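Examining the three-dimensional arrangement
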Amino acid sequence: MLRTHNCGMLRKEDIGKEVLLTGWVNRRRDHGGVIFIDLRDRWGLTQLVINSNQQEVYQSANKVKSEFVLQVKGLVRARPEGLANSKIPTGEIEIAVSELTILSESKPLPFEIEEKNETDESLRLRYRYLDLRRTRMQKNLILRHQICQVVRRYLSERQFIEVETPFLTKSTPEGARDFLVPSRLNEGNFYALPQSPQLFKQILMIAGYDRYFQIAKCFRDEDLRADRQPEFSQVDIEMSFVEREDILELIEGMMKKLFHEVLGINLEIPFPKMSYDEAMNRYGCDKPDLRISCVIDDLSLLLEDKIEVGAKTDSWKGLFFQEWKSFSRKKADLLSQMAKNAGVSLSYLKQGKQEVISPLKNKISEVAWRKLLEKYPFQEDSLLLLAWGESQKVLPFLGNLRINLGEEQNLIQNQFKFCWVLDFPLFEWNVEEHRWDSMHHPFTAPCLDQLNQLNVDPSQVKAQAYDIVLNGFEIGGGSIRIHRSDLQEKIFQLLNLSEVEIQQKFGYFIEALQYGCPPHGGIALGLDRIVMLMSGESSIRETMAFPKTQKGTCLMSGAPSPVSDDQLMVLGIQLRKKQESQIVKEG
């Protein structure tokens, strides 16, 4: 080995030892006759000292610059009295260097590794190998590793087995576009990179493996956001002979163990549960952030026909803030305009020094006004935002406003708040294509007591589906699966798939269901989002070693990139010219 210790290892107990260290130059300081170098590796920093009376070593140290890679030999000694650095574990010692070898030099850096001011992200991604040297990125990737290890141990202890499923598979509808891979051996045919291992893990249940998991790489060709990437990782789980509560209990236990072992946090389980309808009505979305205490109240019964606002409305909703000292008429006008842009009307009731004031006071009946004041604990600077209009517009508007104002008013508690969202609709209506789509995916089982509604009113059928939400982010979703071939074919038909399409896309799976399929269910947890939330980051790009930009490019390697005509010819592919493609698109 080129070293005897790493740069975060030595302590005062090692004083007097001769050691070999290797690492990168984090910082070099010349104090006139004495050169100090902070040597860094992923374990930490160690201070090196080189005196001018060691002429050869001193000359080598004079050539050293930031990010040079060194090997040094020297004696561990105590730092002079009063010069210990309590901020680092090795702060009580230093190395008196007797030999110094420059293993590798570095060009001038495009940005400082430990710069206090945040470097532009595009520059960081262009030089990702430098960005990954930063303490922040190292902590995030080590955290990711620890999370994966805890998950693997937890599931292995419960008799799950890890099975790898294929990357090159068949295109199936999962709600996003596939990444397609042309086949050279089967010209004109394409593989698809998996959006999830869904069918393979269900087939593993049919095959009798009972408990499967995989930290799976998945691919979706969709527009990107801070919490999305074209390739991402998920903790994929499937179990046979289980009901919904078995899976919820398993995941709650995993999260409790994960947060305790990695962050030292004791989570309270079971997590709160709410229906999809309750989440939408109280939080305006299906991934509620429970760190904000205020919720959306339905005031329709209280205000319907008791207030004069002009246009008719089917929904009255309220959002109450116990204290909002900075609320002003200017802020009220801004919020009102935001509501108008969303197709919603908005006003307010605010507690003044003596009474509650509101632009609506003379438009609300005396009885309704009194009931509003009785419903809410108004005190000085309390505020009720009142929104009305069409329910499908009012709820998402107030849901977004709740989050935005929660951040603005510092109402978000610094803690981890989990919940389960249950009882999703099985289908949602696709207005553009005039057909039903699966709310989750077409392999989700409907609630068994509602099967007769499939032929009557599919919109009334609930799914045996569940999402796990953490701090306003959906970090996982799953369901009890359909295990009967006749019911699976029925669902495909309701999704407007023809018999030919069913056989072409899912024939092998329908056939497999006919050979003794156990009742089964599972879940997929978004590993990248979990790491993002546990590390306190706001983007999953900070938790992945080599992420893509929001345009799906790798700034470091230049992917995606053109390929040669010879490569295309071997695959039997010819690219349209840009002008021709535009004509086809417009036509």
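Below you will find a few notes about this structure. What you see is a predicted model; the values in this text were computed from it and never measured.

**Notes on the overall build of the protein**
The helix and strand inventory of the protein stands at 16 helices and 22 strands. Based on the C-alpha atoms only, the size of the protein along its principal axes is roughly 95 × 80 × 55 Å. Here the protein holds 587 residues, and the buried ones make up 46% of them. In the protein, once contacts between residues fewer than 6 apart in sequence are set aside, the share between residues at least 24 apart is 67%. Approximately 31,200 Å² of the protein is accessible, and the part contributed by carbon and sulfur atoms is 48%. Charge-centre separation for the protein: the mean point of 76 positive side chains lies 5 Å from the mean point of 82 negative side chains.

**Some details on the layout of surface pockets**
Counted as a void, the second largest pocket has a volume near 630 Å³. What lines the second largest pocket is a set of 28 residues, and nearest its centre among them are Asp 289, Arg 291, Asn 471, Gly 472 and Phe 473. Those elements that place two or more of their residues in the lining of the second largest pocket are α11 (391-408), β21 (473-480) and α14 (527-535). If one sorts the elements of the lining of the second largest pocket by residue count, α11 sits on top with 6 residues.

**Digging into the sheet that holds strand β11 (residues 273-275)**
One open sheet accounts for 8 strands, arranged β6-β9-β10-β22-β21-β20-β17-β11; its pairing is mixed. Of all the strands in the sheet, just β6 (161-162) and β11 have a single pairing partner and so form its edges. Here β21 pairs with strand β22 (residues 520-526) via 5 bridges, running antiparallel. Across the sheet, Gly 476 pairs through a bridge with Leu 525, a residue of β22. Packing against the sheet, helix α7 (residues 276-283) makes contact with β11 and β17 (418-422), and its axis sits at approximately 90 degrees to β11.

**A short note on the nonpolar core**
Counting residues in hydrophobic clusters, the biggest one holds 65 residues, and the most contacted among them are Ile 147, Leu 155, Ile 237, Ile 251, Met 255 and Ile 468. Among the elements that line this core, the one with the most residues is helix α6 (residues 244-263), at 9 residues. When sequence neighbours within four positions are dropped, the list of residues in contact with Met 255 reads Leu 267, Phe 271, Phe 418, Ile 468, Ile 475, Leu 525 and Ile 530.

**Some words on the side chain of Ser 539**
Counting through the fold element by element, Ser 539 comes out in the loop between α14 and α15 (565-571). With a relative accessible area of 8%, Ser 539 lands in the buried category. For Ser 539, the side chain forms a polar contact with the main-chain nitrogen of Arg 541, separated by 3.1 Å.

**Concerning the sheet that holds strand β16 (residues 383-389)**
Spatial strand order, β12-β13-β16-β14-β15: 5 strands in an open sheet with antiparallel pairing. Each end of this open sheet is capped by a strand with a single partner; those strands are β12 (296-298) and β15 (356-357).

**So, the pattern of salt bridges**
Under the counting rule described, the total for this entry stands at 42 salt bridges. The shortest N-O distance in the salt bridge between Arg 124 and Glu 542 comes to 2.6 Å. Linking Arg 124 in helix α2 (residues 121-126) with Glu 542 in the loop between α14 and α15, this pair joins segments that are 418 residues apart in sequence. On the basis of relative accessible area, Arg 124 is assigned to the buried category, the value being 3%. By relative accessible area, which is 6% here, Glu 542 ends up buried.

**Some thoughts on empty space enclosed by the protein**
Summed over all chains, the structure comprises 3 cavities of 30 Å³ or more. A volume near 40 Å³ is recorded for the second largest cavity. In terms of lining residues, the second largest cavity is bounded by Leu 125, Arg 128, Phe 546, Pro 547, Cys 554, Leu 555 and Met 556. The residue inventory of the lining of the second largest cavity, partitioned by class, reads 6 nonpolar, no polar and 1 charged.

**Focus on the environment of Ala 465**
Inspection of the secondary structure assignment puts Ala 465 in strand β20 (residues 465-470). Linking Ala 465 and Trp 24, residues 441 residues apart in sequence, is a C-alpha distance of 50 Å. When residues no more than four places from it in sequence are discounted, the contact partners of Ala 465 are Val 421, Leu 422, Asp 423, Phe 424, His 440, Thr 444, Gly 478 and Ser 479.

**Here's the deal with helix α5 (residues 198-206)**
Counted residue by residue, α5 has 7 buried out of 9 residues, so it is predominantly covered. Among the structural elements, β9 (211-219), β10 (231-240), α13 (499-513) and β22 are those in contact with the buried residues of α5. Following α5 by one or two positions, Gly 208 has its phi on the positive side, about 95 degrees.

**Quick look at α11**
The terminal C-alpha atoms of α11, which comprises 18 residues, lie 25 Å apart, in line with the 26 Å expected from a rise of 1.5 Å per residue. For α11, the complete set of buried residues consists of Val 394, Leu 395, Phe 397, Leu 398, Gly 399, Leu 401, Arg 402, Leu 405 and Gly 406. Each element contacted by the buried residues of α11 is listed here: α7, β12, β13 (315-321), α9 (329-341), β14 (345-351) and β16. Of the residues flanking the end of α11, it is Asn 410, one or two places downstream, whose phi is positive at about 55 degrees.

**Let's talk about the pairing of strand β19 (residues 435-438)**
Direction of pairing for strand β18 (residues 427-430) relative to β19: antiparallel, over a ladder of 4 bridges. Residue Asn 430 lies in a different strand from β19, and its bridge partner there is Arg 435. Between β18 and β19, which pair antiparallel in sequence order, lie 4 residues; one of them, His 434, sits at a positive phi of approximately 55 degrees.

**Looking at the packing of aromatic side chains**
Taken as a whole and judged by the stated rule, the model has 20 aromatic pairs. The interplanar angle of 40 degrees and the centroid separation of 5.3 Å between the aromatic rings of Tyr 276 and Phe 424 together place this pair among those described as tilted. One end of the pair, Tyr 276, is in helix α7; the other, Phe 424, is in the loop between β17 and β18, and 148 residues separate them in sequence. Given a relative accessible area of 1%, Phe 424 falls into the buried group. With 6.4 Å between their ring centres and 80 degrees between their planes, Tyr 376 and Phe 378 make a pair best called edge-to-face. Site record: aromatic cluster; members linked through ring pairs are Phe 259, Phe 271, Phe 416 and Phe 418. Its guanidinium or amino end placed over the ring of Tyr 154, Arg 158 lies 3.7 Å from that ring's centre, counting from NZ or CZ.

**A closer look at unusual backbone geometry**
In this model, Ile 269 is joined to Pro 270 through a cis peptide bond whose omega is 5 degrees. Locating Pro 270 in the fold gives a position in the loop between α6 and β11. Cis rather than trans, the peptide bond between Ala 559 and Pro 560 has omega equal to -5 degrees. Along the chain, Pro 560 turns up in the loop between α14 and α15. At Gln 159, a position not held by glycine, the phi torsion is positive, near 70 degrees.

Rules used in this analysis
- Residues numbered from 1 in each chain as written.
- Predicted model: local features only at pLDDT ≥ 70, side-chain atom pairs only at ≥ 80, totals over all residues.
- Heavy atoms only, no water.
- Helix = DSSP H or I, 4+ residues; strand = E, 2+ residues; numbered from the N terminus.
- Buried < 20%, exposed > 50% of the residue type's maximum accessible area, 1.4 Å probe, protein only.
- Contact = heavy atoms within 4.5 Å.
- Areas by Shrake-Rupley, 256 points an atom, 1.4 Å probe, with all protein chains shown as cover.
- Lys, Arg positive; Asp, Glu negative; His and termini not counted.
- Charge placed at Lys NZ, Arg CZ, Asp CG, Glu CD.
- 1 Å grid on protein atoms, 1.4 Å probe; cavity = no way out; pocket = protein on both sides within 12 Å on 5 of 7 lines; lining within 4 Å.
- Points joined across faces, edges and corners; volume = space filled by probe spheres on them.
- Pairing = 2+ DSSP bridges.
- Axes fitted to C-alpha atoms, helices over the stretch in contact; angles between N-to-C directions.
- Core = buried A, V, L, I, M, F, W, Y, C linked by side-chain atoms within 4.5 Å.
- Polar contact = N/O pair within 3.5 Å; in protein donor to acceptor, adjacent residues only side chain to side chain.
- Salt bridge = Lys/Arg side-chain N within 4 Å of Asp/Glu carboxyl O.
- Nonpolar A, V, L, I, M, F, W, Y, C, P; charged D, E, K, R; others polar.
- Expected span 1.5 Å × (residues − 1).
- Phe/Tyr/Trp six-rings, centres within 6.5 Å; stacked < 30°, edge-to-face > 60°.
- Lys NZ or Arg CZ within 6 Å of the ring centre and 35° of its normal.

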